[in-house]
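# What the coordinates show
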Amino acid sequence: MTTPSFRDMEQLSAFLDGQLSQVEKTRLEARIQLDPALAAALADLRQARAILRHTPKRRLPCNFTLTPKMTRLRPPLPRLVPALSWASATALLLFILTLGTNLLGQISFGAAAPMMAAAPMTSEGYGVGGGPAATQPPVTDNTQVIPTPETFVMTAPAATLSGETRGGGAAATQPPVTDNTQVIPTAETFVMMAPAATPSGEARLVAPAAAPATKATPEPVNLWPYIWLGLAAVLVAAALLIRRASVQAFRRKVGVKHNS
Amino acid sequence: MDEPALIRNAQHGDLDAFNTLVLAYQDIVYNTALRILGDEDLAADASQEAFISAFRALNSYRGGSFRAWLLRTVTNACYDELRRKRRRPTTPLEPETGDGDEVETPRWLADPNASPEEQLDQVELEHAIQHCLENLPTDFRTVVVLADIQGLDYTEVAAVVKKPLGTIKSRLARARLRLRECLQSFRELLPAAFRLEEKRGL
């Protein structure tokens, strides 16, 4: 007769609950018959389990049924939830795009503003100096200018005016580079600079319009931010409407039941 | 009771359907909480909290034993309660015996059919069991409450505590061993009728 190990007790416990395989069960039953200590341990376990199974059940202090107030009942989300989630995400994306576009527009506009301010000066100051100055952008020494499309919109009329005034047609085709100044021309550069190289005959037609530089070239209106914004608003409104309809339907359903 | 239909309706927000389920399971939920926590008020709070949580999380129920799913919710509520209790220990207002044990208030035993002797037997039995249960580590206590007091099978217990069957088997054996030792010290207090029944069972 040996003291049962924990492994034995585990087997006995599982045996009580019928959790042993047929082979394990047969083997354990044989051992129990031979070993009185195992039989006593099994009896103790069985008694402990029986006592636990006789634990008195307490009567409930109250019912635990729920009221809508207790649950702060929220209607289940409509089946369009994934779509609504996507709509929210899209709306956010569009908002960021719109905001970003506007900000970028402001930044580039801000960069062009000094050019605008300098443009009239170009027509006067460089006009006196002669032809080569005709296409020079209004930059100072040690300055790098990477022109943007807006830059050319502003500067081109000034160049036209200069070309017409001083007749420096040949010089006007020179790249607009001064001392220590680098200008990286782009495709737009040539497009916009071409009128400057035009002989005075054509230039005369252009010249009167060049006085107020901003009026000469109509700025293209960027409609995309408004389109995006409108689309986002429509999506948000649709989401809200669907949600509201769902909530109302749910309230009708629950309200009727709990008021009756 | 068409349980699957009730669950489906409850998942769509039908509180009446859910309350039918509550009525069916509140007894086992409350008694499980009571045996784990050992306090009526805490057990009632945990049960109510468990039903509220269950209703809110009902969409996460993916079939299987609804009883096990519900008991898992109440077990978690009990663990939360025990953690809170550990953080903010309280002094019981109940009178204590000379040994420092709390005197049970027998108002819950107001069984109109039970004789005074039977009531006393039940008090003593429950007192002994609860005392021994509270000496067990929480994990062991939960397993033994679910398996031996509430009568869940190993699979359901494993689903409730989210542990493998081997762990359940081992924890149950350890818990029973400790309970056996503990209950032996209360042997004289156990009801005579119960002792006779046990001898027949052996």
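Residues numbered from 1 in each chain as written. Chains lettered and ligands numbered in written order. Predicted model: local features only at pLDDT ≥ 70, side-chain atom pairs only at ≥ 80, totals over all residues.

What follows concerns the overall build of chain A. Helices and strands together make up the secondary structure of chain A, namely eleven helices and two strands. What you see in chain A, going N to C, is helices and strands ordered as α-α-α-α-α-β-α-α-β-α-α-α-α. Burial analysis of chain A (260 residues in total) assigns 25% to the buried set. When contacts within chain A are restricted to residue pairs at least 6 apart in sequence, long-range pairs at least 24 apart make up 84% of them. (Helix = DSSP H or I, 4+ residues; strand = E, 2+ residues; numbered from the N terminus. Buried ≥ 20, exposed ≤ 12 C-beta atoms within 10 Å, placed from the backbone. Contact = placed C-beta atoms within 7 Å.)

To continue, consider the overall build of chain B. Assigned secondary structure in chain B consists of nine helices and zero strands. The buried share among the 202 residues of chain B stands at 35%. Residue pairs in contact within chain B that sit at least 24 positions apart in sequence constitute 59% of those at least 6 positions apart.

Let us now look at the nonpolar core. All names here are of chain B. Grouped together as the largest cluster of nonpolar side chains are 60 residues, with contacts concentrated most on V29, A33, A46, V74, V143 and V144. Ranked by residue count, the leading element in this core is helix α2 (residues 15-37), at twelve residues. With near-sequence residues (within four places) excluded, V29 lies in contact with S47, A50, L70, L71 and V74. (Core = buried A, V, L, I, M, F, W, Y, C linked by C-beta atoms within 7 Å.)

Moving on, we come to the interface of chain A and chain B. One frequent convention defines the size of an interface as the accessible area lost when the parts assemble. Chain A puts 38 residues into the contact, and the matching count from chain B is 44 residues. Contributing elements (two or more residues each) for the side of chain A that touches chain B: α1 (6-16), α3 (36-53), α4 (68-71) and α11 (224-259) of chain A. The greatest single-element share of the side of chain A that touches chain B, amounting to eleven residues, is contributed by α3(A). Class assignment of the residues belonging to the side of chain A that touches chain B gives a composition of 20 nonpolar, eight polar and ten charged. (Nonpolar A, V, L, I, M, F, W, Y, C, P; charged D, E, K, R; others polar.)

This part takes up helix α3 (residues 40-56) of chain B. In a regular helix each residue adds 1.5 Å, so 17 residues correspond to 24 Å; α3(B) covers 24 Å between its end C-alpha atoms and thus fits that length. Of the positions making up α3(B), those classed as buried are L42(B), A43(B), A46(B), S47(B), Q48(B), A50(B), F51(B), A54(B) and F55(B). In this fold, the buried residues of α3(B) make contact with α4 of chain A together with α2 and α4 (66-87) of chain B. (Expected span 1.5 Å × (residues − 1).)

Residue and element names in this part refer to chain B. Taken N-terminus to C-terminus, the directions of helix α6 (residues 138-149) and helix α8 (residues 165-184) make an angle of 95°; their axes are 9 Å apart at the nearest point. Here α6 lies roughly perpendicular to α8, going by the angle between them. Here D139, F140, V143, V144 and A147 of α6 come into contact with α8, specifically with I168, R171, L172, R174, A175, R176 and L179. Split by residue class, the contact of α6 with α8 holds eight nonpolar, no polar and four charged. (Axes fitted to C-alpha atoms, helices over the stretch in contact; angles between N-to-C directions. Parallel < 35°, antiparallel > 145°, perpendicular 65-115°, else oblique.)

Next up on the list: the confidence of the model for chain A. All names here are of chain A. Scored by pLDDT, chain A has a mean of 65; 47% of the residues are at 70 or more. Mean pLDDT across the elements of chain A ranges from a minimum in helix α7 (residues 169-172), with 41, to a maximum in helix α2 (residues 22-34), with 93. When the criterion is pLDDT under 50, residues 117-211 qualifies, and its contacts beyond four places in sequence or with other chains add up to 124 contacts. Ignoring residues within four places in sequence, the model shows residues 255-260, a span with pLDDT below 50, making two contacts including any to other chains. (pLDDT = per-residue confidence, 0-100.)

Let us look at the packing of α2(B) against α3(B). Residue and element names in this part refer to chain B. Direction vectors running N to C along α2 and α3 enclose 140°, while the axes themselves pass 8 Å from each other. Our classification of the angle between α2 and α3 gives oblique. Handedness of the crossing formed by α2 with α3: right-handed. Across the interface between the two elements, F18, V22, Q26, V29, Y30, A33, L34 and L37 of α2 pack against E40, L42, A43, A44, A46, S47, A50, F51 and F55 of α3. Broken down by class, the residue content of the contact of α2 with α3 amounts to 14 nonpolar, two polar and one charged. (Left-handed = near helix turned anticlockwise from the far one by under 90°.)

Positive phi outside glycine occurs at K162(B), with the angle close to 55°. In this structure, K162(B) sits in the loop between α7 (154-161) and α8.

Turning to the environment of A41(A), a few remarks are in order. Residue and element names in this part refer to chain A. On the secondary structure map, A41 appears in helix α3. Look at A41 and you get buried, because 20 C-beta atoms sit within 10 Å. Distance from A41 to P4, taken between C-alpha atoms, is 7.6 Å for residues 37 residues apart in sequence. When sequence neighbours within four positions are dropped, the list of residues in contact with A41 reads P4, M9 and L12.

As a further point, take the confidence of the model for chain B. All names here are of chain B. Predicted confidence across chain B gives a mean pLDDT of 82, with 78% of residues reaching 70 or more. Across residues 103-110 the pLDDT falls below 50, and counting only partners more than four positions away or on other chains, this stretch makes 15 contacts in the model. Scored below 50 in pLDDT, residues 196-202 makes six contacts in the model with residues more than four places away or belonging to other chains. Across the predicted assembly, pTM comes out at 0.55 and ipTM at 0.78.

This next bit is on the environment of D148(B). With respect to the element layout, D148(B) can be found in helix α6. Between the alpha carbons of D148(B) and R176(B) there is a distance of 9.3 Å; along the sequence they are 28 residues apart. With near-sequence residues (within four places) excluded, D148(B) lies in contact with R49(A), L52(A) and R53(A).

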